[in-house]
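One letter stands for each residue in the lines below.
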Amino acid sequence: FFFQAEDGIRDKLVTGVQTCALPIYARLPRMALRYALLSFATLLIVTQVWGYYLHFRHVGPPTWRLRAMAGLFLAAYLIQAVVLWPPRALPTTAWLGLPFQLCALGLWAWATWASGRHSLPVAFSSGSHPGQLITHGPYRLVRHPFYVSYSLGWCGGAVATLNWLVAAAAAAATAICVVAARREERRLAAGPLREPYEIYRATTGMFIPKLIRPPQP
């Protein structure tokens, strides 16, 4: 039970091609890391699909912006999965992707729990202004925990692979999250929740927690 090494050990003096083989027990840690990264990346996209259909409220038909967001999310996952799929070699930074993915999953679960009874509208919804302002749970730390969760997952894939395609897809998916968040904030600032929202925005970071919060009036 021997397999060719993924780490690219080569006999450069003879053929210049990969000739070294390692026993399977020597490859188990990297195999486990690879499949852990793939599993968590798959779980992250599953949570996003679940949220789209079962957690967030749809107001009107899907807009083209929402379709673009869904397409970017799916493309980011597929590119990440292809790059992580064997027999591609993993960089030495691959293990750093796991903390990003675990934080993404934990934050998503926390935000789902905190917003479970509030029926939040899906991103880029048309129609009326948001009807509620959530400030507990992860919303005490950042104003958009769902988008932070998604971005952490994409960044984890980029760190784990050090692949420019994965990084580009992660940047595009994160950018559309920023666009969606800014749109939602404009709607809140123009709606009936304007005054409590202005206080909330002054004390809570958009994507990064504020270390020093100004005193509330």
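Described in the following lines is the structure provided in the data block. Treat the numbers as computed from the prediction; the structure is a model and nothing was measured. (Residues numbered from 1 in each chain as written. Predicted model: local features only at pLDDT ≥ 70, side-chain atom pairs only at ≥ 80, totals over all residues. Heavy atoms only, no water.)

1. Digging into the packing of helix α3 (residues 97–115) against helix α4 (residues 145–161)
At their nearest, the axes of α3 and α4 sit 8 Å apart, and the two run at 165 degrees to each other. The orientation of α3 with respect to α4, classified from their angle, is roughly antiparallel. Here the hand of the crossing between α3 and α4 comes out left-handed. Note on element contacts: α4 touches α3 through Pro145, Phe146, Val148, Ser149, Tyr150, Leu152, Gly153, Cys155, Gly156, Val159 and Ala160, opposite Gly97, Phe100, Cys103, Ala104, Leu107, Trp108, Ala111, Thr112 and Ser115. Here the contact of α3 with α4 is built from residues that sort into 14 nonpolar, six polar and no charged. (Axes fitted to C-alpha atoms, helices over the stretch in contact; angles between N-to-C directions. Helix = DSSP H or I, 4+ residues; strand = E, 2+ residues; numbered from the N terminus. Parallel < 35°, antiparallel > 145°, perpendicular 65-115°, else oblique. Left-handed = near helix turned anticlockwise from the far one by under 90°. Contact = heavy atoms within 4.5 Å. Nonpolar A, V, L, I, M, F, W, Y, C, P; charged D, E, K, R; others polar.)

2. Quick word on the environment of Gly131
Mapping Gly131 onto the fold places it in the loop between α3 and α4. As for Gly131 and Leu193, which are separated by 62 residues in sequence, their C-alpha atoms are 7.8 Å apart.

3. Description of α3
Along its 19 residues, α3 runs 27 Å from first to last C-alpha, staying within 8% of the 27 Å computed at 1.5 Å per residue. When we look at burial in α3, the residues that qualify are Gly97, Gln101, Ala104, Leu105, Leu107, Trp108, Ala111, Thr112, Ala114 and Ser115. (Expected span 1.5 Å × (residues − 1). Buried < 20%, exposed > 50% of the residue type's maximum accessible area, 1.4 Å probe, protein only.)

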